[in-house]
Amino acid sequence: MNPNRIDNYLALLGVPRPPSPDPETLAELQWRHLLTVPFENLDIHMGRPLSLDEDALLAKILDRRRGGLCYELCGAFAVLLRELGYRVTLSSAYTYDGSGCVGIPFDHLALRVDLEHPWLVDVGFGRFTHRPIRLDLRTDQVDPGGVFRIVDGEHGEVDVLHDGKRAYRLEPRPRVSGDFVTGCWWHQTAPTSRFTHSPVCSLALPDGRITISDRTLIRTTGTDRHEERLVDDAALLAAYREYFGITLDRVPGRPTNASIPVDAP
């Protein structure tokens, strides 16, 4: 990465360049990322294919001031962490749905960061850990985002539990960004993908979360939840600008599968 890009990324997050990689800085970087770079699928609903190319990921976040799916968010964050001296491994995960079933292969991209201990780092799973959790512990780990536990599976994988419920199954094999191309393409095009149903944009707040789901603005603080229907296009576009810093030239609409090239991303 160009040194200026590192400085731009850190400036976006509001974090000074760290003198050395350590767990405390890693935790601060993750939390600042969650507060600054939204989880969103807007390009899918504007007919724009996603790219896992490193330059494209950085351009989307740093130049276009956008967010993305897990592949984009964790992919870009991995580039930054490596440039700062962290030892980062891309990891594939199957996500669990409400019925307990697991998703497709390469359903989710998460990061393993090895320091004195191995850490699970994830800036692309919505409401999840605020800070890294240890992958080598099998006891409850209390985080501002909830209580997490790592549970061993039968074939070397581990399940990550969030408040007692399985969030995803993490595979042990190290991966490269190209491994996730098929999963990323599937989530852009499949009728059963949760990301093709409607636009969503969500960002952590110091005391909660703010989300636009389709045309509903949702603010959560603790157990309090407030919903506001954004009745017209102007209100929706203004909300994207005000709450997420995202400027769009039109309202995201549901594209047909044909609007995403078959060789994407």
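Residues numbered from 1 in each chain as written. Predicted model: local features only at pLDDT ≥ 70, side-chain atom pairs only at ≥ 80, totals over all residues. Heavy atoms only, no water.

Asker: Mind showing me how you'd approach the packing of helix α1 (residues 3–13) against helix α3 (residues 54–63) here?
Answerer: Any two packed helices are characterised by the angle at which their axes cross and by the distance between the axes. Packing of α1 against α3 leaves a shortest axis separation of 10 Å and a crossing angle of 45°. Classified by the angle their axes make, α1 and α3 are oblique. For the crossing formed where α1 meets α3, the hand is left-handed. Across from Arg5, Asn8, Tyr9 and Leu12 in α1, the residues of α3 making contact are Leu58, Ala59, Ile61, Leu62 and Asp63. Its residues placed into classes, the contact of α1 with α3 shows six nonpolar, one polar and two charged. (Axes fitted to C-alpha atoms, helices over the stretch in contact; angles between N-to-C directions. Helix = DSSP H or I, 4+ residues; strand = E, 2+ residues; numbered from the N terminus. Parallel < 35°, antiparallel > 145°, perpendicular 65-115°, else oblique. Left-handed = near helix turned anticlockwise from the far one by under 90°. Contact = heavy atoms within 4.5 Å. Nonpolar A, V, L, I, M, F, W, Y, C, P; charged D, E, K, R; others polar.)

Asker: Looking at this structure, how should I read the pattern of salt bridges?
Answerer: One pass over the full model with this rule turns up 22 salt bridges. Across the pair Lys60 and Asp43 runs a salt bridge, and its minimum N-O distance is 3.1 Å. Of this pair, Lys60 sits in helix α3 while Asp43 sits in the loop between β1 (39–40) and α3; the two residues are 17 residues apart in sequence, bridging distant segments of the chain. Each member of the pair Lys60 and Asp43 is classed as buried. With a shortest N-O distance of 2.9 Å, Arg138 and Asp152 are connected by a salt bridge. Placement of the pair is Arg138 in the loop between β5 (133–134) and β6 (141–143) and Asp152 in strand β7 (residues 146–152), with a sequence separation of 14 residues. The exposure class of Arg138 is partly exposed, given its relative accessible area of 32%. Given a relative accessible area of 52%, Asp152 falls into the exposed group. (Salt bridge = Lys/Arg side-chain N within 4 Å of Asp/Glu carboxyl O. Buried < 20%, exposed > 50% of the residue type's maximum accessible area, 1.4 Å probe, protein only.)

Asker: Help me out: how do you make sense of the sheet that holds strand β10 (residues 200–205) in this one?
Answerer: Backbone hydrogen bonds are what pair the strands of a sheet, in a parallel or an antiparallel way. Pairing within the open sheet is antiparallel, and its five strands lie in the order β1-β10-β11-β12-β13. Bordering the open sheet on either side are β1 and β13 (224–229), each of which pairs with just one other strand. For β10 and strand β11 (residues 208–213), the ladder comprises six bridges, and the chain directions are antiparallel. Residue pairing in the sheet places Cys201 in a bridge with Ile212 of β11. Against the sheet, helix α6 (residues 233–244) makes contact with β10, β11 and β12 (216–221), and its axis sits at roughly 155° relative to β11, the strand it touches most. (Pairing = 2+ DSSP bridges.)

Asker: Before we go on, may I ask you to explain the packing of aromatic side chains in this structure?
Answerer: Aromatic ring pairs: the centre-centre distance and the angle between the two ring planes describe each pair. Throughout the structure, instances matching the rule amount to seven aromatic pairs. Considering the side-chain rings of Phe106 and Phe180, the 5.5 Å spacing of their centres and the 80° angle between planes classify their relative orientation as edge-to-face. Placement of Phe106 in the loop between β2 (87–95) and β3 (108–114) and of Phe180 in the loop between β9 (165–170) and α5 (181–189) is noted, with a sequence separation of 74 residues between them. Grouping residues by exposure puts Phe106 and Phe180 together as buried. When the ring of Phe125 is compared with that of Tyr168, the centres are 5.0 Å apart and the planes differ by 90°; the resulting orientation is edge-to-face. Of this pair, Phe125 sits in the loop between β4 (118–121) and β5 while Tyr168 is found in strand β9, placing the two residues 43 residues apart along the sequence. Among the aromatic residues, ring-to-ring pairing joins Phe125, Phe128, Phe148 and Tyr168 into one connected group. (Phe/Tyr/Trp six-rings, centres within 6.5 Å; stacked < 30°, edge-to-face > 60°.)

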